[in-house]
Amino acid sequence: MAKSKWTEFTQNAVGTEQLKSAGNEFKSGWKAPSNIAIVKYWGKKDGQIPQNPSLSFSLNGCYTQTQLEVKYSPKGFSLTINPEGKEFAPRIEQFLRNVEPLFPFLANVEAKVTTVNSFPHSVGIASSASGFASLALCLCHIEEQIKGNLGFGSPFLRKASYVARLGSGSASRSVFGGWQEWGYLPELPNSTNEYALSLSPIVDPKFSEMRDAILVVSSSPKVLSSTQGHALMANHPFADARYAEARINLNAILKALRKGDLKRFFDIAESEALTLHGLIMSSKNQPMLLKPQSLQIIELIKAFRTEKDINIGFTIDAGPNIHLLYTSDVAPIVEAFVNEQLKPLCENQKVIFDSCGKGPELV
Ligand code: PMV
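Conventions used here
- Residues numbered from 1 in each chain as written.
- Predicted model: local features only at pLDDT ≥ 70, side-chain atom pairs only at ≥ 80, totals over all residues.
- Heavy atoms only, no water.
- Helix = DSSP H or I, 4+ residues; strand = E, 2+ residues; numbered from the N terminus.
- Rg over C-alpha atoms; globule rule 2.2 N^0.38 Å.
- Buried < 20%, exposed > 50% of the residue type's maximum accessible area, 1.4 Å probe, protein only.
- Contact = heavy atoms within 4.5 Å.
- Areas by Shrake-Rupley, 256 points an atom, 1.4 Å probe, with all protein chains shown as cover.
- Lys, Arg positive; Asp, Glu negative; His and termini not counted.
- Charge placed at Lys NZ, Arg CZ, Asp CG, Glu CD.
- Near = heavy atom within 4 Å.
- Polar contact = N/O pair within 3.5 Å; in protein donor to acceptor, adjacent residues only side chain to side chain.
- Nonpolar A, V, L, I, M, F, W, Y, C, P; charged D, E, K, R; others polar.
- Domains from an automatic or database assignment.
- Phe/Tyr/Trp six-rings, centres within 6.5 Å; stacked < 30°, edge-to-face > 60°.
- Lys NZ or Arg CZ within 6 Å of the ring centre and 35° of its normal.
- 1 Å grid on protein atoms, 1.4 Å probe; cavity = no way out; pocket = protein on both sides within 12 Å on 5 of 7 lines; lining within 4 Å.
- Points joined across faces, edges and corners; volume = space filled by probe spheres on them.

1. Quick notes on the overall build of the protein chain
Here is step 1 of the chain: A count of helices and strands for the protein chain gives 11 helices and 13 strands.
Here is step 2 of the chain: Taken against the 2.2 N^0.38 rule, which gives 21 Å for 363 residues, the C-alpha radius of gyration of the protein chain at 21 Å falls within 12% of a compact globule.
Here is step 3 of the chain: Seen through its principal axes, the protein chain has C-alpha atoms that stretch 70 × 45 × 45 Å.
Here is step 4 of the chain: The buried share among the 363 residues of the protein chain stands at 54%.
Here is step 5 of the chain: Contacts in the protein chain between residues at least 24 apart in sequence constitute 77% of all its contacts with a sequence separation of at least 6.
Here is step 6 of the chain: Looking at the protein chain as shown, the accessible area adds up to about 15,700 Å², and 51% of this sits on carbon and sulfur atoms.
Here is step 7 of the chain: Both charge centroids of the protein chain, one from 37 positive and one from 34 negative side chains, sit 3 Å from each other.

Here you go:
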């Protein structure tokens, strides 16, 4: 694990002796949401440090529920994972070994992880963000229990976001509900590459009710993992221009979020989504992630927006599925449009209607 200069997170680490004297066995369970990025994180440096700051909102219905149990064991670290979590087992094990300097008590425990996603795993919604956020919250909560602390204030969430980031960059943002920013931006006070910030206090209320209709064009497994994707940026001819543009877009979108400017917000969201795909297409020997139906859906959204003269827009992750974004005041007409015109273009007519959520919950 990259050494952190953030002594806030490394000092007073809890070791085996404290675990034993506090009671040998502890458990914690958290639900954490998936999030959808509007300004995209694409490209990273060592230690899971982003090349550019990013911005997202947490979903409501798409989440991971994780329970972590730890029990003192003189035999060292061991791990069991429930059958549903088995596919993530290698990443979870690697992560728990990596974060041992932050949680030294892990060196001598039998750890049991039970993790379940609320959404089918192959609908193109990244489960690593919600998965690592929920696991990080469990770890930080167990540490607090050993220390005898109660309550989950800002320092707790900052640390959980920092720890989640070490599992998956976007997971740092899933520790918060509403809107979040992750990554250093000179114009945004307190922003840092180490953990995410909640933007909820500065966001106009209409954005807190943002809806997301996830149009599942294909549920086939990801062709390009985010690890491979970030690596593509290392030698990308447009990398520097992209990182500069992301900072410009982030500043502009922060203004739009503050002012409640939906038109500006959707302009930037769509440009970010298409830039992400443009970067992938202009990388050497990369697959085309968008499908013909993805493009048809985009065209239909644009036509509907013009015809009805309403503020709606889309974003896209590193896959073929389209996220149609709209606010609650236009939900009835937009959802009728989705059901009539967009659903037939989706695989097995699959659409997930989700919305901006309140964030993690202790379970
Ligand atoms: O957190 P990672 O390493 O899975 O990367 C996420 C990359 C994108 O989903 C494409 C963008 C983002 O900011 O979430």
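We are not done yet, so read on.
2. Some details on the site of the ligand
Here is step 1 of the chain: Around the ligand, a shell composed of A37, K40, Y41, W42, S128, S168, G169, S170, R173, S226, H230 and D317 is seen.
Here is step 2 of the chain: A distance of 3.0 Å separates an oxygen atom of the ligand from a polar backbone atom of Y41.
Here is step 3 of the chain: With the chains in place, 93% of the 380 Å² that the ligand exposes on its own is no longer accessible.
Here is step 4 of the chain: For the shell around the ligand, the per-class residue count stands at three nonpolar, six polar and three charged.
Here is step 5 of the chain: Of the domains in this structure, domain 1 (3–203) and domain 2 (205–355) are the two that each give at least three residues to the shell around the ligand.

3. Re the packing of aromatic side chains
Here is step 1 of the chain: Tallied over the entire structure, the rule returns 14 aromatic pairs.
Here is step 2 of the chain: Centroid distance Y41 to W182: 4.7 Å. Interplanar angle 75°. Geometry classified as edge-to-face. Here W182 lies in strand β7 (residues 179–182) and Y41 lies in the loop between β1 (25–39) and β2 (44–45), a separation of 141 residues in the sequence. Of the two residues, Y41 and W182, neither departs from the other in class, the shared state being buried.
Here is step 3 of the chain: A cation over a ring is seen here: K31 above Y63, with NZ or CZ 4.3 Å from the ring centre.

4. Quick word on the layout of surface pockets
Here is step 1 of the chain: If you add up the space inside the second largest pocket, you get close to 230 Å³.
Here is step 2 of the chain: Considering the residues around the second largest pocket, the lining is formed by E8, F9, Q11, N12, C140, E143, E144, K147, P155, F156 and K159.
Here is step 3 of the chain: Counting residues per element, the lining of the second largest pocket draws most heavily on helix α4 (residues 127–147), which supplies four residues.
Here is step 4 of the chain: Here the lining of the second largest pocket is composed, by residue class, of four nonpolar, two polar and five charged.

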